[in-house]
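Residue-level structural notes
Here's the letter readout for the chains.
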Amino acid sequence: NYTVRKITPTGTVSTLAGQAGVCGSADGTALLATFNYPSDIAIDAAGVLYVTDSVGIRRLGTDGQVTTLAPLSTAMAAFKNYQGWLSSIDVDRTTGNLVTVFCDGLADHIVIFDATGQAALPAYLQLPGSLDGLIEYASRVAVGPDGALYLADHKGGRVLVTAGASEANACV
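Residues numbered from 1 in each chain as written. Predicted model: local features only at pLDDT ≥ 70, side-chain atom pairs only at ≥ 80, totals over all residues. Heavy atoms only, no water.

This paragraph deals with the pattern of salt bridges. A side chain with one charge can pair with a side chain of the opposite charge if their charged atoms come near. Following the criterion strictly, the structure yields three salt bridges and no others. A salt bridge links R58 to D27; the shortest N-O distance between them is 3.0 Å. Taken together, the positions of R58 in strand 6 (residues 56-60) and D27 in the loop between strand 2 (13-18) and strand 3 (28-29) put the pair 31 residues apart, joining distant regions of the chain. The salt bridge partner of R58 is D53, with a shortest N-O separation of 3.0 Å. We note that R58, like D53, is buried. Through salt bridges with shared partners, a single network forms among D27, D53 and R58. (Salt bridge = Lys/Arg side-chain N within 4 Å of Asp/Glu carboxyl O. Helix = DSSP H or I, 4+ residues; strand = E, 2+ residues; numbered from the N terminus. Buried < 20%, exposed > 50% of the residue type's maximum accessible area, 1.4 Å probe, protein only.)

Have a look at this one:
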């Protein structure tokens, strides 16, 4: 319902950001900001939340402010025929970078951003995609404590592991 919610271990639910039932892309104070189909969330060591939605990467700071770090149209400008979505996000605790999966319907890409929303190097790594049958839909990315990437292949029904973001083209 266009919100970011917190659920405590005792089951108490509270809204951290967004307005229930209000779809949008407004930045600002957490409960006045709006989200457009949030799809995933990650948290860094400082307690900052990063949310992917159809707008791009949104940052919910410990100060209660929501800002758009990387608008999807700008972040994906390197791709021809930009059409797609960020399906997943995680924080690489070895570098502080944000690791995302961008799906465009033809191939999935690992897209890496620094904590300010700027493309980090290597910026765009194409995953072996559905064209060669290795990955059909990378629905989730997680970064291990050593920087290894874990990719959930939704249609392939498996988890692939890489040595790190720079090795994303060598899934095993």
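A word on the nonpolar core. Grouped together as the largest cluster of nonpolar side chains are 14 residues, with contacts concentrated most on Y50, I57, I89, L98 and F113. Here this core takes three residues from strand 8 (residues 85-91), the largest share from any one element. Of all hydrophobic cores here, the second largest spans 10 residues; its members include V99, V141, L149 and L151. (Core = buried A, V, L, I, M, F, W, Y, C linked by side-chain atoms within 4.5 Å.)

To continue, consider the sheet that holds strand 4 (residues 40-43). Ordered by their spatial adjacency, five strands build an open sheet running 3-7-6-5-4, and the pairing between neighbours is antiparallel. Edge positions in the sheet fall to strand 3 and strand 4, since each of these pairs with one other strand and no more. Where strand 4 and strand 5 (residues 49-53) come together, four bridges link them in antiparallel fashion. Within the sheet, the bridge partner assigned to I41 lies in strand 5 and is V51. (Pairing = 2+ DSSP bridges.)

The phi dihedral of Y2 is positive, around 70°, even though this residue is not glycine. Mapped onto the elements, Y2 comes out in the segment before strand 1 (3-7). Backbone geometry at Y37 places phi at a positive 55°, although glycine is not the residue there. Examined against the element boundaries, Y37 turns out to sit in the loop between strand 3 and strand 4. We classify Y37 as exposed; its relative accessible area is 53%.

Below, the discussion takes up the environment of K6. Along the chain, K6 turns up in strand 1. Classification of K6 as partly exposed rests on a relative accessible area of 44%. Sequence separation between K6 and A17 is 11 residues, and the spatial gap between their C-alpha atoms is 9.5 Å. Ignoring anything within four residues of it in the chain, the contact list for K6 reads T12, V13, S14 and L16. (Contact = heavy atoms within 4.5 Å.)

A separate point is the packing of aromatic side chains. Tallied over the entire structure, the rule returns one aromatic pair. Ring centres 5.4 Å apart and planes at 75° place the aromatic pair Y2 and Y37 in the edge-to-face group. Of this pair, Y2 sits in the segment before strand 1 while Y37 sits in the loop between strand 3 and strand 4, placing them 35 residues apart in sequence. Here R58 stacks its cationic end above the ring of F35, 4.8 Å away from the centre of that ring. (Phe/Tyr/Trp six-rings, centres within 6.5 Å; stacked < 30°, edge-to-face > 60°. Lys NZ or Arg CZ within 6 Å of the ring centre and 35° of its normal.)

Of all five residues that make up strand 5, five are buried, and the element is covered over most of its length. Neither face of strand 5 is exposed, since L49, V51 and D53 on one face and Y50 and T52 on the opposite face are all buried. Between strand 4 and the antiparallel strand that follows it, strand 5, lie five residues; G47 among them carries a positive phi value of about 90°. In this sheet, strand 6 lies alongside strand 5 in antiparallel orientation, the contact comprising five bridges. Following the sheet pairing, T52 is matched in strand 6 by I57.

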